[in-house]
Number of protein chains: 2
Amino acid sequence: MTVIDSNPVKSPPVDVCVVAGTDHPRPDGQDRYTIREVAEYTGLRAHTLRWYEEIGLMPHVERSHNGQRLFSNRDLDWLTFVRRLRLTGMPVADMVTFAELVRQGEATFDERREILEQTRREVVTRIAELQDTLTVLDAKIDFYAGARRASERD
Amino acid sequence: MTVIDSNPVKSPPVDVCVVAGTDHPRPDGQDRYTIREVAEYTGLRAHTLRWYEEIGLMPHVERSHNGQRLFSNRDLDWLTFVRRLRLTGMPVADMVTFAELVRQGEATFDERREILEQTRREVVTRIAELQDTLTVLDAKIDFYAGARRASERD
DNA sequence: TAGGACGTTCAAGTGCACTTGAAGCAAGCG
DNA sequence: CGCTTGCTTCAAGTGCACTTGAACGTCCTA
């Protein structure tokens, strides 16, 4: 599948469907993760995480005394949400726009809501399309299955 | 019933994989379309249609006396199906593989059915993911709608 | 103190699915 | 006849979302 895989992310003993930034238990109880840990947790590659930061898709990520990234639980929440948005087909550029609004604070609540409402509409449309596709696939599968039965007198 | 008024003079379902066609009205009642008409009908660009043929994603397309492509209703059905498959996220390369199986005739019915069944499973998964995403979006939209005074979150 | 694992930056490369361009032929119209 | 429109082929270019590579730094264990 081209459109972002539904990667079997090795899932920690945790629910991933984060809704808001509330406290979710994480791989361990802490709040500081290396890029490697985050890569494992999110299913994204370390390079991709750095690239996300570079293009402005991540809020500021802390650094350790020697310059290594230290991701927080909040970062994990954000990445989980980003992964969901990607899943809907939203382009990375649009997510960067959204991230910028988040950085601008509460003043952009309305704008953010509008974006998410638009995204919601697109997701609904997409689900409908996929359901239609399911119908088409079923018809074809039936056809092939029927043709097979018809020739089962060999 | 699943469609296809395509061929007025149609014989038994012995042939290609044209089972579920489209419910779109055809440009007219005929069976010969220029690349431009097909582009308009399918929403694909003429160049893309030529490229599809080039990579083996189209069955043989007829040509006029002077070399211009003449698409048939069957070609239109195929393109509609291709569009659906693309919608599911299936890579073009995989669709080419499927097209090759179609070219090989009835002997590949089973294999084709398996591919479509796999695709079906993927579509079902994707729909579930999108529905989860809807839940997440709704929660965030509610948050933004309900919180004018709340402290900043994400 | 040497090795290896893991991290860093900057830059170039990859794969996919088209998209655009260049050059040319053929038909139809004023 | 010349012009426009619309097709043809072959080839190179584009945009997106990473991905890979090179060169180097730092920490831990042996």
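Up top you'll find the structure we're talking about.
Remember, predicted model here, so these are calculated numbers, not experimental data. (Residues numbered from 1 in each chain as written. Chains lettered and ligands numbered in written order. Predicted model: local features only at pLDDT ≥ 70, side-chain atom pairs only at ≥ 80, totals over all residues. Heavy atoms only, no water.)

Participant: Mind laying out the protein's contact with DNA strand C, listing which residues take part and the relevant values?
Facilitator: The local shell around DNA strand C holds 18 residues, among which R36(A), R50(A), R69(A), R45(B) and H47(B) are the closest. Taking all atoms of DNA strand C within 4 Å of the protein, the share assigned to sugar and phosphate is 79%. Y52(B) is positioned with one of its side-chain polar atoms (N or O) 3.2 Å from a phosphate oxygen of DNA strand C. If you list the elements that add at least two residues to the surface near DNA strand C, you get α1 (35-42) of chain A together with α2 (46-55) of chain B. Of the residues forming the surface near DNA strand C, the biggest block, four residues, is contributed by α2(B). Class assignment of the residues belonging to the surface near DNA strand C gives a composition of five nonpolar, seven polar and six charged. (Near = heavy atom within 4 Å. Polar contact = N/O pair within 3.5 Å; in protein donor to acceptor, adjacent residues only side chain to side chain. Helix = DSSP H or I, 4+ residues; strand = E, 2+ residues; numbered from the N terminus. Nonpolar A, V, L, I, M, F, W, Y, C, P; charged D, E, K, R; others polar.)

Participant: Give a description of the pattern of salt bridges that names residues and reports values.
Facilitator: Where charged atoms from two side chains of opposite charge approach closely, those side chains can pair. Going through the model one piece at a time under the given rule, you end up with 20 salt bridges over all chains. Here D138(B) makes a salt bridge to R120(A), at a shortest N to O gap of 2.4 Å. Here the residue D138(B) occupies a position in helix α5 (residues 109-146), and R120(A) occupies one in helix α5 (residues 109-150), the pair thus bridging two chains. A relative accessible area of 27% means that R120(A) is categorised as partly exposed. For the salt bridge of E129(A) with R126(A), the shortest nitrogen-to-oxygen distance reads 3.7 Å. With a gap of three residues between them, E129(A) and R126(A) both fall in helix α5, about one helical turn apart. Residue E129(A) is classed as partly exposed on the basis of its relative accessible area of 29%. R126(A) sits in the buried class, given a relative accessible area of 16%. (Salt bridge = Lys/Arg side-chain N within 4 Å of Asp/Glu carboxyl O. Buried < 20%, exposed > 50% of the residue type's maximum accessible area, 1.4 Å probe, protein only.)

Participant: Outline the packing of aromatic side chains, listing residues and values.
Facilitator: Using the criterion set out here, one finds 14 aromatic pairs over all chains in the structure. The interplanar angle of 40 degrees and the centroid separation of 5.7 Å between the aromatic rings of W51(A) and Y52(A) together place this pair among those described as tilted. Taking relative accessible area as the criterion, W51(A) reaches 39% and is therefore assigned partly exposed. Exposure remark for Y52(A): the relative accessible area of 6% places this residue in the buried category. Judged by centre distance (5.1 Å) and plane angle (55 degrees), the ring pair of Y144(A) and F109(B) falls under tilted. Remark: F109(B) occurs in helix α5 and Y144(A) occurs in helix α5; the pair is interchain, linking two chains. (Phe/Tyr/Trp six-rings, centres within 6.5 Å; stacked < 30°, edge-to-face > 60°.)

Participant: Can you break down the environment of F81(B) residue by residue, with the values?
Facilitator: Following the sequence through the fold, F81(B) ends up in helix α3 (residues 73-87). The residues touching F81(B), leaving out its near neighbours within four places in the chain, are V136(A), L137(A), K140(A), F98(B) and L116(B). (Contact = heavy atoms within 4.5 Å.)

Participant: How would you summarise the packing of helix α1 (residues 35-42) of chain B against α2(B) if you had to cite specific residues and measurements?
Facilitator: Residues and elements named next belong to chain B. Contact geometry of α1 with α2 gives a least axis separation of 9 Å together with a crossing angle of 100 degrees. On the basis of their axis angle, the class for α1 and α2 is roughly perpendicular. Residues I35, V38 and A39 of α1 touch α2, and the partners they reach there are A46, L49 and R50. Looking at the contact of α1 with α2 residue by residue, the class counts come to five nonpolar, no polar and one charged. (Axes fitted to C-alpha atoms, helices over the stretch in contact; angles between N-to-C directions. Parallel < 35°, antiparallel > 145°, perpendicular 65-115°, else oblique.)

Participant: Account for the side chain of T42(A), with residues named and values stated.
Facilitator: Counting through the fold element by element, T42(A) comes out in helix α1. A polar contact of 3.1 Å, which involves the side chain of T42(A), links it to the backbone nitrogen of L44(A).

Participant: Kindly report on the nonpolar core, identifying the contributing residues and their values.
Facilitator: Ranked by size, the top nonpolar core spans 74 residues in total, and within it W78(A) and W78(B) carry the most contacts. It is α5(A) that provides the largest number of residues to this core, a total of twelve residues. (Core = buried A, V, L, I, M, F, W, Y, C linked by side-chain atoms within 4.5 Å.)

Just distances and angles here, no functional claims.
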